[in-house]
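Structure assessment
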Amino acid sequence: MTYVVIMRLDKFICKSTQLTKPEAIAMIEEGKVNINRDVVTAVSTQVHENNQVTLNGILLTLRPFRYLIMNKPANTICSNIDEAYPSLFNYITEGNNAELHVAGRLDADTTGLVLITDNGSWSYNIITPSKKCEKVYRVGLRKPITEDATEKFAIGLQLQGESQLTRPAKLEIITSKEVLLTITEGKFHQVKRMFSAIGNKVISLHREKIGEITLDVEEGEWRYLTSDEIQSFNLKVK
Ligand code: URA
């Protein structure tokens, strides 16, 4: 029988204890970690689903994954460390933020809905274009939107430096300078580049919805997703 590999041993220790990676490595190298009763000192050993991992004789179990929704303020960045702007992870004061990532990053000046998790397989369903997960943006424009824009977006646009047209996108006109745009992919600066390709310019950008999830927390606030919300991405394979 073959068993599915879960992850490297050092990562397993981090995800099942409060230890940092260097601390986990030290424990392994000091011979304090056993897999199925055998002492294992190689940090890169792969842990399989049936393995019993102990640290100082105590059986370890993985912490459940975390799934959050946040309303990203302007002038924050989606990486885990502060750079030119502070990281939005500063707003999350619970748990180990180093393990979290944003499923579909926003630019520093873009606001609105971000989904945050430590489960890479889950975010794959949100980010990968072939999964056709819809992202809805409210876009403020410098110039009035032209009549032919809806059709151009529906057909697909040629962005500079890209070999393929953008996937069909839905444009809903709210006012001459405010639109809702629904896209299913997330190329670098995609929305800004799409409007630039039709001779306009984005002056404000706010993400309102991803898949079935609509933004419902105030700026700078977050909450855990419900199990139905988490499941909604796993089920959605169009
Ligand atoms: N498209 C952009 O241009 N910027 C974002 O932040 C998100 C989508």
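Residues numbered from 1 in each chain as written. Predicted model: local features only at pLDDT ≥ 70, side-chain atom pairs only at ≥ 80, totals over all residues. Heavy atoms only, no water.

1. Quick word on the overall build of the protein
As a reminder, the rule being used: In DSSP terms, a helix is any run of H or I states spanning at least four residues, a strand is any run of E spanning at least two, and both are numbered starting from the N terminus. A simple rule labels every residue: compare its accessible area, found with a 1.4 Å probe on the protein chains alone, to the largest value its type can have, and call it buried under 20%, exposed over 50%, or partly exposed in between. Here, two residues are considered to be in contact whenever any of their heavy atoms come within 4.5 Å of each other. All accessible areas in this document rest on Shrake-Rupley with a 1.4 Å probe, and a residue is counted as covered only by the protein chains that are shown.
Along the backbone of the protein there are six helices and 15 strands. Each principal axis of the C-alpha distribution contributes one length, and for the protein these read about 70 × 40 × 35 Å. Here the protein holds 238 residues, and 45% of them are scored as buried. Within the protein, contacts between residues separated by at least 24 positions form 63% of all contacts whose residues are at least 6 apart in sequence. Accessible surface for the protein amounts to roughly 13000 Å². Of this, 51% is attributable to carbon and sulfur atoms.

2. Some remarks on the pattern of salt bridges
This is how it is decided: A side-chain nitrogen of Lys or Arg and a carboxyl oxygen of Asp or Glu constitute a salt bridge if their distance falls within 4 Å.
Per the counting criterion, the structure on display carries 13 salt bridges. The salt bridge involving Lys 15 is made with Glu 99; its shortest N-O contact spans 3.7 Å. Taken together, the residues span a long stretch of sequence, with Lys 15 in helix α1 (residues 9–16) and Glu 99 in the loop between β7 (67–72) and β8 (101–102) at a distance of 84 residues. Across the pair, Glu 99 and Lys 15 agree in class, each one buried.

3. Side note on the environment of Ser 204
Relative to the helices and strands, Ser 204 is located in strand β13 (residues 202–210). Assessed through its relative accessible area of 38%, Ser 204 is described here as partly exposed. Along the backbone, Ser 204 and Glu 178 are 26 residues apart, and their C-alpha atoms lie at a distance of 9.2 Å. The contact partners of Ser 204, leaving out residues within four places of it in the chain, are Arg 138, Val 139 and Gly 140.

4. Here's the deal with the pairing of strand β12 (residues 178–183)
Threshold: Any two strands are treated as partners once DSSP identifies two or more bridges connecting them.
β12 sits mainly inside the fold: five of its six residues count as buried. The pairing of strand β11 (residues 170–175) with β12 spans five bridges and is classified as antiparallel. Counted as the bridge partner of Leu 171 is Leu 181 from β12. Linkage of β11 to β12, two consecutive antiparallel strands, is achieved through a turn of two residues.

5. Digging into the site of the ligand
Stated precisely, the cut-off is as follows: Nearness here has a simple test: a residue counts as near a molecule or strand if at least one of its heavy atoms is within 4 Å of that partner. We define a polar contact as two N or O atoms separated by no more than 3.5 Å, with the added condition that, inside protein, one atom must be a possible hydrogen donor and the other a possible acceptor, whereas residues neighbouring each other in sequence contribute only through side-chain atom pairs. Any residue that is not Ala, Val, Leu, Ile, Met, Phe, Trp, Tyr, Cys, Pro, Asp, Glu, Lys or Arg is counted as polar, Gly included; the first ten are nonpolar and the last four charged. Domain delimitation follows an automatic or database domain assignment.
If you check the shell around the ligand, you find Leu 106, Asp 107, Thr 110, Tyr 137, His 189, Gln 190, Val 191, Lys 192 and Leu 205 and nothing else. In this structure, His 189 approaches the ligand through a main-chain N or O atom, which is 3.2 Å from an oxygen atom. In the model, an oxygen atom of the ligand is placed 3.1 Å from a nitrogen or oxygen of the Lys 192 main chain. About the coverage of the ligand: the protein hides 95% of its 240 Å² of free accessible area. By residue number, the principal contributor to the shell around the ligand is helix α5 (residues 190–197), which donates three residues. Counted by class, the shell around the ligand contains four nonpolar, three polar and two charged residues. Of the residues that make up the shell around the ligand, three or more belong to each of domain 2 (64–132 + 216–226) and domain 3 (134–210).

6. Remarks on the environment of Gly 57
Within the fold, Gly 57 resides in the loop between β5 (53–55) and β6 (58–59). Separated by 176 residues in the primary sequence, Gly 57 and Phe 233 have C-alpha atoms spaced 38 Å apart.

7. Describing unusual backbone geometry
At Asn 56, a residue that is not glycine, the phi angle is positive and equals roughly 50 degrees. According to the relative accessible area criterion, Asn 56 is exposed, its value standing at 53%.

8. Re the domain arrangement of the protein
Put simply, the rule reads: Put simply, buried area is the surface a 1.4 Å probe can reach on two separate parts but cannot reach once they are joined, added for both.
Looking at the protein, the domain boundaries give domain 1 (6–59), domain 2 (64–132 + 216–226) and domain 3 (134–210). Taking only C-alpha atoms into account, the centre of domain 2 sits 22 Å from that of domain 3. The interface of domain 2 with domain 3 comprises 17 residues on the first partner and 14 residues on the second. Of the roughly 1200 Å² buried at the junction of domain 2 and domain 3 (both faces included), carbon and sulfur atoms supply 47%. At the surface where domain 2 touches domain 3, the tally comes to two salt bridges.

9. Focus: the packing of aromatic side chains
We count it as follows: Centres within 6.5 Å make a pair out of two Phe, Tyr or Trp rings, where for Trp the six-membered ring is used; the pair is then stacked when the planes are under 30 degrees apart, edge-to-face when over 60, and tilted otherwise.
Under the defined criterion, the tally for this structure stands at four aromatic pairs. Aromatic side chains Tyr 67 and Trp 122 sit 4.8 Å apart centroid to centroid with 70 degrees between the ring planes, which places their arrangement in the edge-to-face category. Of this pair, Tyr 67 sits in strand β7 while Trp 122 sits in helix α3 (residues 120–127), and the two are 55 residues apart along the sequence. Of the residues examined, Tyr 67 reaches a relative accessible area of 12% and is grouped as buried. Owing to a relative accessible area of 2%, Trp 122 belongs among the buried residues under this scheme. Geometrically, the ring pair formed by Phe 153 and Phe 195 is tilted, given 5.0 Å between the ring centres and 45 degrees between the ring planes. Here Phe 195 lies in helix α5 and Phe 153 lies in helix α4 (residues 149–155), a separation of 42 residues in the sequence. Both residues of the pair, Phe 153 and Phe 195, belong to the buried class. Here the aromatic cluster, defined as three or more aromatic residues joined through ring pairs, consists of Tyr 67, Trp 122 and Phe 233.

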